[in-house]
Amino acid sequence: RPSIIKIDREIVHGIGTKNGDARQALVESFVSFGRRIGARLVAEGIENRRDLSILASLGVHYGQGYLLGRPSPVPHAPRRFDARARIATARTTTRRTTTATRGA
């Protein structure tokens, strides 16, 4: 049994758009399957707050992507987010990235 299920960027990107119904249904299936086997889900390629919000509401609790943190030469563990903190985490990360970019 897998302990981690990664959801590819192709499924994640645009999940919060009006054409994201099929993607949402697929992620709901992954969440259900993950709960059944006790696996954690990681969404890859989260680039905007809307997608992050939808993923959290569907039950995905871990994510990777530009919204949560820029690529680094040192690998980092996926970030955990929940329904209450997801937007605050995204705002803080975005501010830190913007500040660091301005100083460069």
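Along each chain, residues carry numbers from 1 onward, in the same order as the chain's sequence is written. Per-residue local features of the predicted model are confined to residues with pLDDT of at least 70, and side-chain atom pairs are confined, for both listing and counting, to 80 or more; whole-chain, interface and lining totals are unaffected and use all residues. Side-chain descriptors were evaluated using all non-hydrogen atoms of the structure, hydrogens and water having been removed beforehand.

## Focus on the overall build of the chain
1) Next: Strands are runs of DSSP state E lasting at least two residues, helices are runs of H or I lasting at least four, and both sets are numbered from the N terminus onward. Scanning the chain for helices and strands turns up 4 helices and 4 strands.
2) Next: Helices and strands in the chain line up, N terminus first, as β-α-α-β-α-β-β-α.
3) Next: In the chain, which comprises 104 residues, the proportion classed as buried is 36%.
4) Next: Residues count as neighbours in contact if any of their non-hydrogen atoms are within 4.5 Å of one another. Sequence separation of at least 24 residues holds for 52% of the intrachain contacts in the chain that already meet a minimum separation of 6.
5) Next: Counting every atom, the chain has about 6,800 Å² of accessible surface; 51% of that belongs to carbon and sulfur. We call a residue buried when its accessible area falls under 20% of the maximum for its residue type, exposed when it is over 50%, and partly exposed in between, using a 1.4 Å probe and counting protein chains only. Note on areas: Shrake-Rupley with a 1.4 Å probe; residue coverage comes only from the protein chains shown.

## Brief notes about the pattern of salt bridges
1) Next: Note on definitions: salt bridges are taken to be side-chain nitrogens of Lys or Arg within 4 Å of carboxyl oxygens of Asp or Glu. Under the definition given, this model contains 2 salt bridges.
2) Next: For K6, the salt bridge identified is with E44, shortest N-O distance 3.1 Å. Of the two residues, K6 sits in strand β1 (residues 4-7) while E44 sits in the loop between β2 (40-43) and α3 (49-58), which places them 38 residues apart along the sequence.
3) Next: Residue K6 is classed as partly exposed on the basis of its relative accessible area, which comes to 49%.

## What about the nonpolar core?
1) Next: We call a set of buried Ala, Val, Leu, Ile, Met, Phe, Trp, Tyr and Cys residues a nonpolar core when their side-chain atoms join them within 4.5 Å. If you look at the biggest cluster of nonpolar residues, it comprises 19 residues, and the most contacted ones within it are I7, V27, I46, L55 and V60.
2) Next: Among the elements of the structure, β1, α1 (9-12), α2 (21-37), β2 and α3 are those that each provide at least two residues to this core.
3) Next: The biggest single contributor to this core is α3, with 4 residues.
4) Next: If sequence neighbours within four positions are ignored, L55 has contacts with V12, I15, V27, A43, I46 and V60.

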